[in-house]
Amino acid sequence: SLTMKPKVIFVLGGPGAGKGTQCSKIVEAYNYTHLSAGDLLRAERGREGSADGQLIDNYIKEGKIVPVEITIRLLRKAMEETMKADETKSYFLIDGFPRNEDNLQGWKRDMDDKADVKFVLFFDCSNEVCINRCLERGKSSGRTDDNRESLEKRLQTYLESTRPIIKKYEQDNKVRTVDASRSVDEVFADVRAILDREA
Ligand code: UP5
Ligand code: MG
């Protein structure tokens, strides 16, 4: 069980917006642990004996959002393991979650009383920038979803399912938006300003 209540920043934005890149930079400069829901799902897909591997594989290729029970189980386990190893590590960047209404309701049901969500860090950029970055990365990433066909589906899912979640948090004044179309360092300068202000 969790001793200290974890403090969470949800990190959202389109495919290739730079969520992972910016989270790595935050981890270098601040006492946050980075948990990418997508990375956790890809690791579970590849784990021998996983009951959910095939399902996760299909969902990721189709750009669809995995049922929340699976994602929350992985996120929760990762948070618990981090805090068990070092109880001062109670600050988390949860990257790429919550992506749809099922994710949001699942979090509220299972995690609302166990973790404090401080705000949503939203990396905003155009569809074109998203597509170009992912296609460029696809030359070497080995990701099964960095191809044009999967990317179109990922973008559609993002626009239809994830943007409304960001809108909901906006109504509660809980979104900090960064223009993610600029260089990595320019984006990070804005991220720093937000974290320094909110800390
Ligand atoms: N790059 C980054 N920043 C740049 C900049 N400022 N200027 C120029 N280039 C920049 O970056 C992408 C690429 O762009 C890299 O090559 C980088 O060098 C460059 P990255 O930091 O990886 O962007 P990120 O936003 O993390 O992109 P990612 O592809 O990881 O985003 P997705 O949201 O699409 O992927 P994720 O791994 O989160 O999810 C994958 C799939 O898993 C989903 O489609 C879904 O099927 C499933 N999933 C769920 O079902 N549930 C979840 O909760 C989470 C995921
Ligand atoms: Mg990522």
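Residues numbered from 1 in each chain as written. Chains lettered and ligands numbered in written order. Predicted model: local features only at pLDDT ≥ 70, side-chain atom pairs only at ≥ 80, totals over all residues.

This part is about the overall build of the protein chain. Secondary structure summary: the protein chain contains 8 helices and 5 strands in total. Walking the protein chain from its N terminus toward its C terminus, one meets helices and strands in the order β-α-β-α-α-α-β-α-β-α-α-β-α. Computed over its C-alpha atoms, the radius of gyration of the protein chain comes to 16 Å, within 12% of the 16 Å expected for a compact globule of 199 residues. Principal axes of the C-alpha set define a box for the protein chain whose edges measure 45 × 45 × 30 Å. Here the protein chain holds 199 residues, and 33% of them are scored as buried. Residue pairs at least 24 apart in sequence account for 80% of intrachain contacts in the protein chain once pairs closer than 6 positions are excluded. (Helix = DSSP H or I, 4+ residues; strand = E, 2+ residues; numbered from the N terminus. Rg over C-alpha atoms; globule rule 2.2 N^0.38 Å. Buried ≥ 20, exposed ≤ 12 C-beta atoms within 10 Å, placed from the backbone. Contact = placed C-beta atoms within 7 Å.)

Right, let's get into the sheet that holds strand β5 (residues 175-179). The 5 strands are arranged β2-β3-β1-β4-β5 in an open sheet whose pairing can be described as parallel. Unpaired on one side and paired on the other, β2 (33-36) and β5 mark the two borders of the sheet. On average, each strand axis in the sheet is inclined to that of its neighbour by 25°, with strand direction left out of account. By the bridge criterion, 5 bridges tie strand β1 (residues 7-13) to strand β3 (residues 91-95) in an arrangement that is parallel. Following the sheet pairing, F10 is matched in β3 by I94. In the packing of helix α8 (residues 184-198) onto the sheet, the strands contacted are β4 (116-124) and β5, and the crossing angle to β5 comes to about 160°. (Pairing = 2+ DSSP bridges. Axes fitted to C-alpha atoms, helices over the stretch in contact; angles between N-to-C directions.)

Along a regular strand, successive side chains alternate from one face of the sheet to the other. Of all 7 residues in β1, 6 are buried; the element is thus mostly enclosed. The pairing of β1 with β4 spans 7 bridges and is parallel. Bridge assignment links V8 to a residue of β4, and that residue is V117.

This part takes up the nonpolar core. Judged by nonpolar contacts, the single largest core of 42 residues is most densely connected at F10, V11, L75, L93 and I94. Looking at this core, the element that brings in the most residues is helix α4 (residues 68-85), giving 6 residues. Not counting residues within four places of it along the chain, the set of residues in contact with I94 comprises V8, F10, V11, L35, A37 and L75. (Core = buried A, V, L, I, M, F, W, Y, C linked by C-beta atoms within 7 Å.)

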